[in-house]
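Here is what each chain is made of, one letter per residue.
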Amino acid sequence: MDWGSIFELSLRELIGVQAIVFALAAIGINVQFGYTGLLNFGQAAFAAVGGYGIAVIVTTYDMSFWLGLVVGIAGAVVLALLLGIPTLRLRADYLAIVTIAASEIVRLVGRSAWGRDVFGGSDGITGFSNDFYDLNPFSEPLELGPFEFRERVLWVLAVGWTLVAICTLVVFLLMRSPWGRVLKGIREDEDAVRSLGKNVYAYKMQSLVIGGVMGALAGMVYSLFQGAMQPDVYATNFTFFAYAILILGGAATVFGPVLGAMIVWFSFQFIDLALRGAIGQGYIPDWLMDSNDTGAVRFMLTGVVLILLLVFRPQGILGDRREIALDAR
Amino acid sequence: MPDDNVSSLTAKREAAVAAFADVPREPGAKKPDPILVADDVKRNFGGLLAVDVDHVEIQRGSITALIGPNGAGKTTFFNLLTGFDRPNSGSWSFNGRSLHGTPPFKVARAGMVRTFQLTKALSKLTVIENMRLGATRQRGESFWRAMLPFTWRSQEKDITERAEDLLARFKLDTKRDDFAGSLSGGQRKLLEMARALMVEPELVMLDEPMAGVNPALTQSLLEHVSNLREQGMTVLFVEHDMDMVRDIADWVVVMGQGKILSEGPPETVMSDPRVIDAYLGAHHDQSLAELEQEFESGALTAAAEAELSGDVAAAPSSEPQAPPSPTEDAPIDGGPADEKPAEETVAAERTGDTKDGR
């Protein structure tokens, strides 16, 4: 087995585009769920709206890429308002139901035959990323020791990690401010916050919008990297991956979602390659599993790791143990 | 409070009591200077009329107790007044401003702040953060300015100072940086009260401030409540602890089955036959003649008073021990706010217990 190449390929995933996309989505969920206690199970819908914003504006309507960015973000804001207005006055579980339904609605409308002219049906939309790559300042591949990044990837990584840094900074600034304090208060007990003269509904709405916009950024980065906007990427498992990442890294921590995303995508790649290598070398017998099974086995192993984590470190990697201990009282 | 303030303490109390001198001892009595006036407030839960208040006024600068048996509608009335629940009809005004249909946060901003029967400390926030949250009109609570710390830092410093003063007064300063969830039940009650004061209210509404509090803390909580009046605030509180009502209330409003049954100073109210009936249940298992005889001899009143003060040991032997009949007791005691079966409620009432099992 070539451990060198396994590590190299896994480390690429550590800082790869998938890590960026899920870090952004998880930062958004962190604002909503980690700090405000809003169960948004529809982060995939926000990501899809972001991706469709660019794809539809550029490819379908042949308009400017920049307008596409604006439409994608505005779309996420509108979606958050649509979901929030009826549900945020109700108990938390209603938002969960509505958002998970909305995320499927967005995906199914996107892949429907009815909307094929606009959204491209189940094949999705391609050919909208040229403007983005025209902005690429990198003209040749970058070599860093054993790593080599092609210029396209380099550009996506640079933009993506900048976005992650900005979002993390925004969360950091917000959560140490009185605004963040109100959010955390709402998470603990919204009636208490109401009784202190805070407009809880408005704060929940702001939280939903901000988290949703970060989700839209995730979708934009991913579809620009792929050069294609495919609705089925944004199925509900997109959302649950982001949740798993957030819980792994530590909900209600500033760097938790970023760390979680890096670890998860590193581990996925590492487990996959290590299993393939072991099968290739005959360390794992054929009757147990072959190389086609690695995709499923890595999810099983990830599940085991998450269960162990919740048993032995329920606060996540970066979380504060004392906070979890309070729940047990 | 320093000792030299003791004279002014009593002065405030005397002023409050004096204000009630000419107020008739009857439900819905007019007060000389009401801060809160409610008219015809009704709230239905299904077929049950949980609150049905014709008229009530709360005197400014006084401590008013709202008492009544379990399920009398006290907490529901609180919820209606503070906007946490909506009435089927009615109107009420605070400082002359109508609050009907006003959402809870605006009620609080208007200067009417409540606490909850089940304490709502924000567990995963530290004590000082709980306190800071209470301050109103914070610049840093707007989204855009939140990201620019220099716009709110000086205000935050002032708020922190005020919070620390209050914490010191409530003897929570040593807990400043602990999570609120790690405090004891009594300390949480103190924190909740201190946090409510951060809003700088004119009217403080305390829903069972003594519930679940260790007796050792009771005295200091009592002092804190009466101190609120000394600082010029008006207090309205719901309480089952009759000692507390007797000690600090200037005026008592009694509710039963959603209605205001009686009003008056503590001593008067506690001997009011309507109040005694509400607490003990109607004397359905006695003949009228028997009841009358007992009432005239004063035994019934004395027994009821002993019961009201929560003195179980002195519970009278003359009290009828027949099992309570649910058909007659249910409408009195099995109110909407508590889901306990009527019999259990009656039993709890008899032993002077409250909802919190004290």
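Nothing here was measured: the structure is a model prediction, and the numbers come from that model. Once a new chain begins, its residue numbering starts again from 1 and follows that chain's sequence as written. As a convention, the first chain written is A and the first ligand written is 1, with the rest following in written order. Where totals are concerned, whole chains, interfaces and linings use all residues; where local detail is concerned, this predicted model gives features only for residues with pLDDT of at least 70, and gives and counts side-chain atom pairs only at 80 or more. Hydrogen atoms and water are omitted, and side-chain values are computed over all heavy atoms in the structure.

1. Here we look at the overall build of chain A
Phase 1: The numbering of helices and of strands both runs from the N terminus, where a helix is a DSSP run of H or I of at least 4 residues and a strand a run of E of at least 2. The helix and strand tally for chain A stands at 15 helices and four strands.
Phase 2: Relative accessibility under 20% of the residue-type maximum defines a buried residue, over 50% an exposed one, and the middle range a partly exposed one, all with a 1.4 Å probe and only protein chains included. Looking at chain A residue by residue over its 329 residues, the buried ones come to 52%.
Phase 3: Residues are treated as being in contact if the distance between any of their heavy atoms lies within 4.5 Å. Residue pairs at least 24 apart in sequence account for 74% of intrachain contacts in chain A once pairs closer than 6 positions are excluded.
Phase 4: A 1.4 Å probe and the Shrake-Rupley method give the accessible areas. Residues count as covered only by the protein chains that appear here. When the accessible surface of chain A is totalled, it reaches about 14,300 Å², and 65% of it is carbon and sulfur.

2. What to know about the layout of surface pockets
Residues and elements named next belong to chain A.
Phase 1: Only protein atoms enter the 1 Å grid used here. Points where a 1.4 Å probe fits but cannot escape make up a cavity, open sets with protein on both sides within 12 Å along at least five of seven lines make up a pocket, and a residue lines them when an atom lies within 4 Å of a point. Grid points are joined across faces, edges and corners, and a volume is the space filled by probe spheres set on the points. Quantified by volume, the largest pocket comes out at close to 860 Å³.
Phase 2: When residues of the lining of the largest pocket are traced back to their parent elements, those giving at least two are helix 2 (17–35), helix 5 (92–111), helix 9 (178–188) and helix 15 (321–327).
Phase 3: If one sorts the elements of the lining of the largest pocket by residue count, helix 9 sits on top with four residues.
Phase 4: Counted by class, the lining of the largest pocket contains 17 nonpolar, ten polar and eleven charged residues. Amino acids are sorted into nonpolar (Ala, Val, Leu, Ile, Met, Phe, Trp, Tyr, Cys and Pro), charged (Asp, Glu, Lys and Arg) and polar (every other residue, Gly among them).

3. Section: the pairing of strand 8 (residues 234–238) of chain B
Residue and element names in this part refer to chain B.
Phase 1: Judged by how many residues are buried, strand 8 sits mostly within the fold: five of five residues are covered.
Phase 2: Across the two faces of strand 8 the burial is the same, with Thr234, Leu236 and Val238 and Val235 and Phe237 all buried.
Phase 3: The rule for pairing is simple: two strands pair if DSSP sees at least two bridges between them. Pairing of strand 3 (residues 63–67) with strand 8 involves four bridges; the strand directions are parallel. By the bridge assignment for strand 8, Ile63 is matched with Val235.
Phase 4: Looking at chain direction, strand 7 (residues 203–207) and strand 8 are connected through five bridges and run parallel. Paired with Met205 across the two strands is Leu236, which belongs to strand 8.
Phase 5: By the criterion used throughout, a crossover qualifies as right-handed when its path from the first strand across the helix to the second strand runs clockwise, the strands pointing away from the viewer. Read as a crossover between parallel neighbours, the route from strand 7 over helix 8 (residues 215–230) to strand 8 is right-handed.

4. Things to note about empty space enclosed by the protein
Residue and element names in this part refer to chain B.
Phase 1: This structure, assessed with the given rule, holds seven cavities of 30 Å³ or more.
Phase 2: Estimated volume of the second largest cavity: approximately 60 Å³.
Phase 3: Among the elements of the structure, helix 7 (185–198) and strand 7 are those that each provide at least two residues to the lining of the second largest cavity.
Phase 4: Looking at the lining of the second largest cavity, the element that brings in the most residues is helix 7, giving three residues.
Phase 5: For the lining of the second largest cavity, the per-class residue count stands at five nonpolar, one polar and three charged.

5. Quick look at the sheet that holds strand 2 (residues 48–59) of chain B
All names here are of chain B.
Phase 1: Strand order in this open sheet of four strands is 2-1-4-5, and the pairing throughout is antiparallel. Both edges of this open sheet fall to strand 2 and strand 5 (97–98), since each of them pairs with a single strand only.
Phase 2: In this sheet, strand 2 lies alongside strand 1 (residues 34–45) in antiparallel orientation, the contact comprising ten bridges. From the neighbouring strand, Leu36 faces strand 2, where its bridge partner is Ile58.
Phase 3: Taken strand by strand, helix 2 (residues 74–81) contacts strand 1, strand 2 and strand 4 (89–94), and its axis lies near 115 degrees from that of strand 1. Angles shown run from 0 to 180 degrees and are taken between the N-to-C directions of axes, each axis being a line fitted to C-alpha atoms and, for helices, limited to the stretch in contact.

6. A closer look at unusual backbone geometry
Phase 1: The backbone of Asp62 of chain A shows a phi angle near 55 degrees, a positive value even though the residue is not glycine.
Phase 2: Relative to the helices and strands, Asp62 of chain A resides in the loop between helix 3 (43–60) and helix 4 (65–87).
Phase 3: Phi angles above zero are rare outside glycine, and Gln257 of chain B is one such case at about 50 degrees.
Phase 4: By the element assignment, Gln257 of chain B lies in the loop between strand 9 (251–256) and strand 10 (259–264).

7. Here we look at the packing of aromatic side chains
All names here are of chain A.
Phase 1: Side-chain rings of Phe, Tyr and Trp (the six-membered ring for Trp) are treated as a pair once their centres are within 6.5 Å; stacked means planes under 30 degrees apart, edge-to-face means over 60, and tilted covers the remaining angles. Applying the stated criterion to the full structure yields 26 aromatic pairs over all chains.
Phase 2: Ring centres of Tyr52 and Phe119 lie 5.1 Å apart, and the angle between their planes is 70 degrees; this geometry places the pair in the edge-to-face category. Taken together, the residues span a long stretch of sequence, with Tyr52 in helix 3 and Phe119 in helix 6 (residues 116–119) at a distance of 67 residues.
Phase 3: Taking the relative accessible area as the measure of exposure, Tyr52 reaches 7% and is therefore buried.
Phase 4: Taking relative accessible area as the criterion, Phe119 reaches 24% and is therefore assigned partly exposed.

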